[in-house]
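Results of the structural survey
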Amino acid sequence: MVERSKVRVLVAKPGLDGHDRGAKVVARALRDAGFEVIYTGIRQTPEQIVESVIQEDVDVLGISILSGAHMVLIPKILHLLEEKGLKPNDDILVIAGGIIPPDDAQELEKIGVGRVFGPGSPISEIIAFIDENVHKLKKFRPA
Amino acid sequence: MIDDLIERMLRGDRRATARLITLVENDEEKAREIISKIFPRTGRARIIGITGPPGAGKSTLLDKLIKVVREEDQVVGVIAIDPTSPFTGGALLGDRIRMQRHSTDPGVFIRSMATRGSLGGLAKATNDAIKVLDAYGCDVIFVETVGVGQIEVDIVKTADTVVLVTVPGLGDDVQAIKAGLMEIADVFVINKADKEGADATYFELNLMLDLEKERWEKRGWRPPIVETVATTMKGIRELWDAIKDHQKFLKESGEIERKRRFRAEEEIKAIVSGKIARAIESRLGEEEVSNLIRGVVKREIDPYSAADLILEKTLGVKP
């Protein structure tokens, strides 16, 4: 397992809804689990999020959306990541949370989101998902 | 791999730059290789430390400062440091929130770092990360320390100019920052200067400086006090002017040479003591050494004499 304190996670809130309680709870819980968490605040554009991912060299991007715009914003973020040469599941793990209906979740998981965590997901599931998958990223594979 | 990353960084690739910072932070062997390769390209950037107690408004102030510096078309690097939990090893890095509008500006590179066990207000790999940003081409590098109390003064070993940010109403606030912090400031900022008590804080700081007249007269630089309201930009240009004045003073007085010498000395000392500590730690398991430890437990030998013997055996240093 990759040492958690060397795993960097960016928690991002794209779009216009300002409800960041959930994002903050997740950010804190991940910190308490021993990860290095960067929180960038509310109302971020996909461009800001992707630039932050690059400058912070994070391994996990957690996206929180409650506005209903997830089928626009998340594909846009994935597209920008790929444009910058960051392949989901290879260079970066992308996870999402918020109010995302199951059909949409399935669709998002097809296009590069590692896992969508719906309301009521225990934090331990998110942590377990990161632990199980982060070592598969190029960065942590032995050269 | 490292040569490729360095080459890409020198061409302005931000992903490569970010990865190099990760490597100097995570991997000592690689840090050594990276720094030795980029070192000839460093030493150009001006390094400005922003320090002060938690909640003084350091990140917001920095956000506005970046704006002013960018108007001069200079490339800006930011290293923003927040604490690592000593219990879990985790960290929540939130300084970026206040500076996010600069994240898509190609002339600004912001990196959050966690202290990872370092106690002086900086992250362990701060100096190496600065060198990466310097080689990348930053003209100005701001280092925002963790929110500090009185003794986290490592920034003085790192920055050319130290800006100490305080706010009105910290109680007897000058007392609170007197001991170590007061002495390292090159520029004082009273942020949130629209709050009640700003005048009193100004008065107290000024008085404090008057009392230390001898010290700064000898140095040739009396730290100016700038009042700011970061949220409305008030005083930010004056602050940048004060920082530039200090940079000019450093150059004209030759103080910059003295600072660089001091910094190199401190850096080498830190590397040497790290190496010695590791050399000794790696032998703590050995028979001879563990016998000595047992001896101390049994009160057969005192810890000072045991330490002398270990030093002599590991490094051949006679006490």
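You'll find the structure just up there.
Anyway, here's the lowdown on the structure attached to this text.

Below, the discussion takes up the packing of aromatic side chains. The full count for this structure, using the stated rule, is four aromatic pairs over all chains. With centroids separated by 6.0 Å and ring planes inclined at 80°, the aromatic side chains of Phe117 of chain A and Phe129 of chain A adopt a geometry described as edge-to-face. Of this pair, Phe117 of chain A sits in strand β5 (residues 115-117) while Phe129 of chain A sits in helix α5 (residues 123-133), and the two are twelve residues apart along the sequence. Under the relative-accessibility criterion, Phe129 of chain A is labelled buried at 8%. Residues Phe142 of chain B and Trp240 of chain B carry aromatic rings whose centres are separated by 6.3 Å and whose planes lie at 55° to one another, so their mutual orientation is tilted. In this pair, Phe142 of chain B is assigned in strand β5 (residues 140-144) and Trp240 of chain B in helix α10 (residues 236-253), connecting sequence segments 98 residues apart.

All names here are of chain B. Given a rise of 1.5 Å per residue, 14 residues ought to cover 20 Å, and the 20 Å separating the end C-alpha atoms of helix α8 (residues 198-211) matches this to within 8%. All of the buried residues along α8 are Ala198, Thr201, Leu205, Met208 and Leu209. One side of α8 holds all its buried residues, which, seen down the axis, span an arc of 95°. α8 presents Asp199, Phe203 and Leu211 as exposed residues on the side facing more than 90 degrees away from its buried surface.

So, on to the interface of chain B and chain A. On the side of chain A, 29 residues touch chain B, which itself brings 27 residues to the contact. For the chain B face of the interface with chain A, the top three residues by lost area are Arg15, Leu92 and Gln100 of chain B, together amounting to 25%. Run the count over chain B and chain A and you get five salt bridges. In this structure, the connection of chain B to chain A is made through 22 residue pairs in polar contact (both at pLDDT 80 or more). Where the side of chain B that touches chain A is concerned, the elements lending two or more residues are α2 (14-26), β3 (91-93) and β4 (108-114) of chain B. Along the lines of polarity and charge, the residues of the side of chain B that touches chain A split into nine nonpolar, ten polar and eight charged. Of the strand pairs in this sheet, strand β2 (residues 36-39) of chain A and β3 of chain B are connected by three bridges, and their pairing is parallel. Looking at the pairing, Val37 of chain A lines up with Leu92 of chain B of β3 of chain B.

Bringing unusual backbone geometry into the picture now. Of note, the phi angle at Asp57 of chain A is positive, near 45°, even though the residue is not glycine. With respect to the element layout, Asp57 of chain A can be found in the loop between α2 (46-56) and β3 (60-65). The class of Asp57 of chain A is buried, set by a relative accessible area of 7%. We note that Met233 of chain B has phi near 75°; this positive angle belongs to a residue other than glycine.

Now for the side chain of Thr126 of chain B. Tracing the sequence through the fold places Thr126 of chain B in helix α5 (residues 126-136). At 2.6 Å, the side chain of Thr126 of chain B and the backbone oxygen of Ala123 of chain B are in polar contact.

Turning next to the pattern of salt bridges. The tally for this structure, following the rule as stated, stands at 44 salt bridges over all chains. Here Asp32 of chain A ties to Arg28 of chain A by a salt bridge, and the two come within 3.8 Å at their closest N and O atoms. Of this pair, Asp32 of chain A and Arg28 of chain A both sit in helix α1 (residues 21-32), separated by four residues, roughly a single helical turn. For Asp32 of chain A, a relative accessible area of 38% gives the class partly exposed. Overlapping salt bridges, with partners in common, bring together Arg8, Glu36 and Glu56 of chain A together with Glu25, Arg96 and Arg116 of chain B in one network.

Let's shift gears to the nonpolar core. Residue and element names in this part refer to chain B. Ile38, Ile81, Val143 and Phe188 are the most contacted members of the largest nonpolar core, which totals 49 residues. Structurally, this core is a two-domain feature, drawing no fewer than three residues from each of domain 1 (1-41) and domain 2 (42-252). Setting aside residues up to four positions removed in sequence, Ile38 forms contacts with Ile6, Met9, Lys131, Val132 and Ala135.

Here we come to the sheet that holds β5 of chain B. Residues and elements named next belong to chain B. The parallel open sheet is built from seven strands, whose spatial order is β4-β2-β5-β1-β6-β7-β8. Of all the strands in the sheet, the pair left with one neighbour each is β4 and β8 (225-227). Averaged over all pairs of adjacent strands, the angle between strand axes in this sheet comes to 20°, irrespective of strand direction. Pairing geometry for strand β2 (residues 76-82) and β5, over five bridges, is parallel. Within the sheet, the bridge partner assigned to Ala80 lies in β5 and is Glu144.

Taking strand neighbours across the sheet as the criterion, the six strands line up as β5(A)-β4(A)-β3(A)-β1(A)-β2(A)-β3(B) in an open arrangement whose pairing is parallel. Lying at the two open borders of the sheet, with one neighbouring strand each, are β5 of chain A together with β3 of chain B. Strand-to-strand twist in this sheet, taken as the mean axis angle between neighbours without regard to direction, amounts to 20°. Alignment of β3 of chain A against strand β4 (residues 93-98) of chain A, held across six bridges, turns out to be parallel. In the sheet register, Gly62 of chain A faces β4 of chain A, and the bridge partner there is Ile95 of chain A. Across the sheet, α5 of chain A touches β3, β4 and β5 of chain A, and the angle it forms with β4 of chain A is around 170°.

Below, the discussion takes up the environment of Pro46 of chain A. Residues and elements named next belong to chain A. With respect to the helices and strands, the residue Pro46 is situated in helix α2. Separated by 35 residues in sequence, Pro46 and Leu81 place their C-alpha atoms 9.4 Å apart. Pro46 has contacts with Leu73, Lys76, Ile77 and Leu80, leaving out every residue within four places of it along the chain.

Below, the discussion takes up the packing of α2 of chain B against helix α3 (residues 28-38) of chain B. To describe two helices that pack against each other, one gives the angle between their axes and the distance between the axes. Residue and element names in this part refer to chain B. Close contact between α2 and α3 brings their axes to 6 Å; oriented N to C, the two are set at 125°. The angle between α2 and α3 falls in the class oblique. Packed against α2, whose contacting residues are Leu20, Leu23, Val24 and Asn26, the element α3 presents Glu28, Lys30, Ala31, Ile34 and Ile35 at the interface. Class assignment of the residues belonging to the contact of α2 with α3 gives a composition of six nonpolar, one polar and two charged.

Thresholds, definitions, all that
Residues numbered from 1 in each chain as written. Chains lettered and ligands numbered in written order. Predicted model: local features only at pLDDT ≥ 70, side-chain atom pairs only at ≥ 80, totals over all residues. Heavy atoms only, no water. Phe/Tyr/Trp six-rings, centres within 6.5 Å; stacked < 30°, edge-to-face > 60°. Helix = DSSP H or I, 4+ residues; strand = E, 2+ residues; numbered from the N terminus. Buried < 20%, exposed > 50% of the residue type's maximum accessible area, 1.4 Å probe, protein only. Expected span 1.5 Å × (residues − 1). Arc of directions from axis to C-beta. Contact = heavy atoms within 4.5 Å. Buried area = accessible area lost by both parts, 1.4 Å probe. Salt bridge = Lys/Arg side-chain N within 4 Å of Asp/Glu carboxyl O. Polar contact = N/O pair within 3.5 Å; in protein donor to acceptor, adjacent residues only side chain to side chain. Nonpolar A, V, L, I, M, F, W, Y, C, P; charged D, E, K, R; others polar. Pairing = 2+ DSSP bridges. Core = buried A, V, L, I, M, F, W, Y, C linked by side-chain atoms within 4.5 Å. Domains from an automatic or database assignment. Axes fitted to C-alpha atoms, helices over the stretch in contact; angles between N-to-C directions. Parallel < 35°, antiparallel > 145°, perpendicular 65-115°, else oblique.

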